[in-house]
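Next come the chains, spelled out residue by residue.
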Amino acid sequence: MLRSLVTELPLRSPKIQQYPSIDTTNIPTMRKILITGATGTVGFETIKALNQLGPKVDLVAGVRDVMRERFKLGDCGLEFIKYDFTDPGTFETALSGCDALFLLRPPQLANVEKYFKPLIERAVAADMKHIIFLSVQGAPGNRFIPHHKIEKLIVASGIPYTFLRPAYFMQNFTTTLHEDLVNKRQIYLPADNAKFTLIDVRDIGAVAAQVLAYPDKHLNQAYELTSDKPLNFIQMAEKLSQGLGHRINYESPTLWEFFWQKKREGVATSFILVMILLHYLPRFQKTPPLSPWVERITGEAPLTFEQFVHDYAEELTH
């Protein structure tokens, strides 16, 4: 059984779309930010990067279970408030007093009209000054994914925005791909030799921290976030083998083989279809372009896949 999905695997598209600019005159510097998904991978790395950055930013973690998540994160300087995407009754209180919203979409929620339109409407009513949305690489060119629709909703709202569009998470090897990697020492995906642009979640957190701390520099911008080198899964398997000290094999099954293998493992059909979509379709697409934004925004070169393997070696073997 695959481990719970705490990071989302981005779709890929070479098409880039620029949204119309919004008048940002007299927008004040944010002081208090509601962050959804604060206890997830991207949220955690963002909070850590903000703490290291220095400028005082008040973060409010919107969570479903305040007591549990406060215990989970401990004393990290966060304020906790009840927030549930499936309960619009929690929106007003959570947004109250906040200048900005850092929107991290739960991957299992895809109905934009049901879950996100009411949130954006409430953000408008609350006079929100800035929405930072964790989207995916190529979202403007993929009209059938929720990220595309959410971006459109935010732009139409008139609230100044920043869209972060990360590439394929390196940390997928510690989450959705972890079982096969550790138990079978293999990567089992129908991706053939398609190349993927990659990103370490720590770099997403570093960029997000800059955007949250210095919003005036990033209003109405969209940043695709990648490392400096695309790789296919053959190359990733080789680098994993070198970094972990044991052989990691890569097998690219047919769609039917992949589907039935995952069904036998107890994986939900809906999730299998998502995995197929994310790993099979890139075989017929151009490799997305690399982006300079991580280095331009943070001042540091993006982390390499080799560095990721080195830093997460223990987690990648247990």
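A quick note: this is a predicted structure, and the numbers were derived from the prediction, not measured.

The next subject is the overall build of the protein. Scanning the protein from terminus to terminus reveals 13 helices and 13 strands. Of all 318 residues assigned to the protein, the portion counted as buried reaches 53%. Split by element, the accessible area of the protein, about 14500 Å² in all, is 50% carbon and sulfur.

Structurally, the position occupied by Leu95 is in helix H3 (residues 91-95). Considered as a pair, Leu95 and Lys32 are 63 residues apart in the sequence and their alpha carbons are 9.8 Å apart. The contacts of Leu95, once residues within four sequence positions are left out, are Leu34, Leu101, Leu119, Arg122, Ala123, Ala126 and Met128.

A few words now on the side chain of Gln137. Structurally, Gln137 is set in the loop between strand E5 (130-134) and helix H6 (146-157). Overall, the relative accessible area of 1% leaves Gln137 in the buried class. There is a polar contact of 3.3 Å between the side chain of Gln137 and the side chain of Glu224.

Strand pairing in a sheet relies on backbone hydrogen bonds, with the paired strands running either antiparallel or parallel. Judged by pairing direction, the sheet is parallel, and its 7 strands sit side by side in the order E3-E2-E1-E4-E5-E6-E11 without closing on themselves. Each edge of the open sheet is held by one strand with a lone partner, namely strand E3 (79-82) and strand E11 (221-225). Geometrically, the sheet is characterised by an average inter-axis angle of 20° between neighbouring strands, direction not taken into account. Alignment of strand E2 (residues 58-63) against E3, held across 4 bridges, turns out to be parallel. Following the sheet pairing, Gly62 is matched in E3 by Ile81. Each of E2 and E3 is contacted by helix H2 (residues 66-73), which is oriented at about 155° to E3, the strand it contacts most.

Rules behind the numbers
Residues numbered from 1 in each chain as written. Predicted model: local features only at pLDDT ≥ 70, side-chain atom pairs only at ≥ 80, totals over all residues. Heavy atoms only, no water. Helix = DSSP H or I, 4+ residues; strand = E, 2+ residues; numbered from the N terminus. Buried < 20%, exposed > 50% of the residue type's maximum accessible area, 1.4 Å probe, protein only. Areas by Shrake-Rupley, 256 points an atom, 1.4 Å probe, with all protein chains shown as cover. Contact = heavy atoms within 4.5 Å. Polar contact = N/O pair within 3.5 Å; in protein donor to acceptor, adjacent residues only side chain to side chain. Pairing = 2+ DSSP bridges. Axes fitted to C-alpha atoms, helices over the stretch in contact; angles between N-to-C directions.

So far we have only geometry, and geometry alone does not tell us how the molecule works.
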